[in-house]
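# Structural characterization, general
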Amino acid sequence: MDASEAQAAETTAAATVEAYDIAQIMRAIPHRYPFLMVDRVVEVHKNISAIGIKNVTINENFFQGHFPEHPVMPGVLIIECMAQTAAVLVVETLGPEARGKLVYFMTVENAKFRKPVVPGDQMRVHVVKEKQRANIWKFHAEAKVDGKVVAEATYAAMILDR
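Quick look at the structure, then. Bear in mind the structure is a predicted one, so any value in this text is a computation, not a measurement.

### Notes on the packing of aromatic side chains
- Across all of its chains, the model carries four aromatic pairs by this definition.
- Between tryptophan 137 and phenylalanine 139 the ring centres are 6.1 Å apart and the planes differ by 15 degrees, which places this aromatic pair in the stacked class.
- Judged by its relative accessible area of 1%, tryptophan 137 is buried.
- Taking the relative accessible area as the measure of exposure, phenylalanine 139 reaches 1% and is therefore buried.

Encoded structure:
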């Protein structure tokens, strides 16, 4: 490995955060029960990507009405999980001054739901930043269960003060 490769590897390592537990997620984004949709963020590459985890359990309040006899996680909540994972990426990228800011949806495009997400599933949400201009960020995300894509979407958000 030459000097430039070593420097690139060091920069990448410095820009990678190991994991966010639930307490760190709650410090980073303002969402709370029953609308906090991310249990853990297992990987953050600042300004590039993040992977969040949602452990889906029958105790989720939305299963009381969607659908009691055949519980399925609502697609809009899968998209919300994608957005919250992206919000953690934004906060980690921007640093301490971003904590407590709000991330507002602007667009959701090409959303596809390929397989139902049900109690007992562990959903891993892979978010990649596509571009950023000022306080507007665009992302693409895939939600996976057991390594298979269950949903995907491209979306944009605006980062604002409360």
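Moving on from the coordinates now.
### Structural notes on the nonpolar core
- In terms of nonpolar packing, the biggest core is built from 41 residues, with Met73, Met82 and Met123 touching the most fellow members.
- When residues of this core are assigned to their parent elements, the largest contribution, eleven residues, is made by helix H3 (residues 75–94).
- If we skip the residues at most four places from it in the chain, methionine 73 touches Met37, Lys54, Val56, Phe62, Phe63, His66, Ile78, Val117 and Met123.

### Points about the side chain of threonine 154
- With respect to the helices and strands, the residue threonine 154 is situated in strand S7 (residues 148–160).
- Only 2.9 Å separates the side chain of threonine 154 from the side chain of histidine 140, close enough to count as a polar contact.
- When near neighbours in sequence (up to four residues on either side) are disregarded, threonine 154 contacts Thr107, Val108, Glu109, Glu130, Lys138, Phe139 and His140.

### Concerning unusual backbone geometry
- Following tyrosine 33, the chain continues to proline 34 via a peptide bond in cis, the omega torsion being 5 degrees.
- Tracing the chain through its elements places proline 34 in the loop between helix H2 (22–28) and strand S2 (40–45).
- Along the chain, histidine 66 connects to phenylalanine 67 via a cis peptide bond; the corresponding omega equals -20 degrees.
- By secondary structure assignment, the location of phenylalanine 67 is in the loop between strand S3 (49–55) and H3.
- Look at asparagine 110: it is not a glycine, yet its phi comes out positive at around 50 degrees.
- Taking relative accessible area as the criterion, asparagine 110 reaches 56% and is therefore assigned exposed.
- In this structure, alanine 134 is a non-glycine residue whose phi angle is positive, near 55 degrees.
- Within the secondary structure, alanine 134 is located in the loop between strand S5 (122–133) and strand S6 (136–145).

### Thoughts on the pattern of salt bridges
- Applying the stated rule across the entire model yields six salt bridges.
- One salt bridge in this structure joins glutamate 109 and lysine 138, with 3.7 Å as the shortest N-O distance. Of this pair, glutamate 109 sits in strand S4 (residues 102–113) while lysine 138 sits in strand S6, and the two are 29 residues apart along the sequence.
- Since its relative accessible area comes to 32%, glutamate 109 is described here as partly exposed.
- Given a relative accessible area of 21%, lysine 138 falls into the partly exposed group.
- Salt-bridge contacts for arginine 114 lead to glutamate 152; the nearest nitrogen and oxygen are separated by 2.5 Å. One end of the pair, arginine 114, is in the loop between S4 and S5; the other, glutamate 152, is in strand S7, with 38 residues separating them in the sequence.
- Look at arginine 114 and you get partly exposed, because its relative accessible area is 48%.
- The exposure class of glutamate 152 is buried, given its relative accessible area of 15%.

Procedures and definitions
- Residues numbered from 1 in each chain as written.
- Predicted model: local features only at pLDDT ≥ 70, side-chain atom pairs only at ≥ 80, totals over all residues.
- Heavy atoms only, no water.
- Phe/Tyr/Trp six-rings, centres within 6.5 Å; stacked < 30°, edge-to-face > 60°.
- Buried < 20%, exposed > 50% of the residue type's maximum accessible area, 1.4 Å probe, protein only.
- Core = buried A, V, L, I, M, F, W, Y, C linked by side-chain atoms within 4.5 Å.
- Helix = DSSP H or I, 4+ residues; strand = E, 2+ residues; numbered from the N terminus.
- Contact = heavy atoms within 4.5 Å.
- Polar contact = N/O pair within 3.5 Å; in protein donor to acceptor, adjacent residues only side chain to side chain.
- Salt bridge = Lys/Arg side-chain N within 4 Å of Asp/Glu carboxyl O.

In short, shape yes, function no, at least from these values alone.
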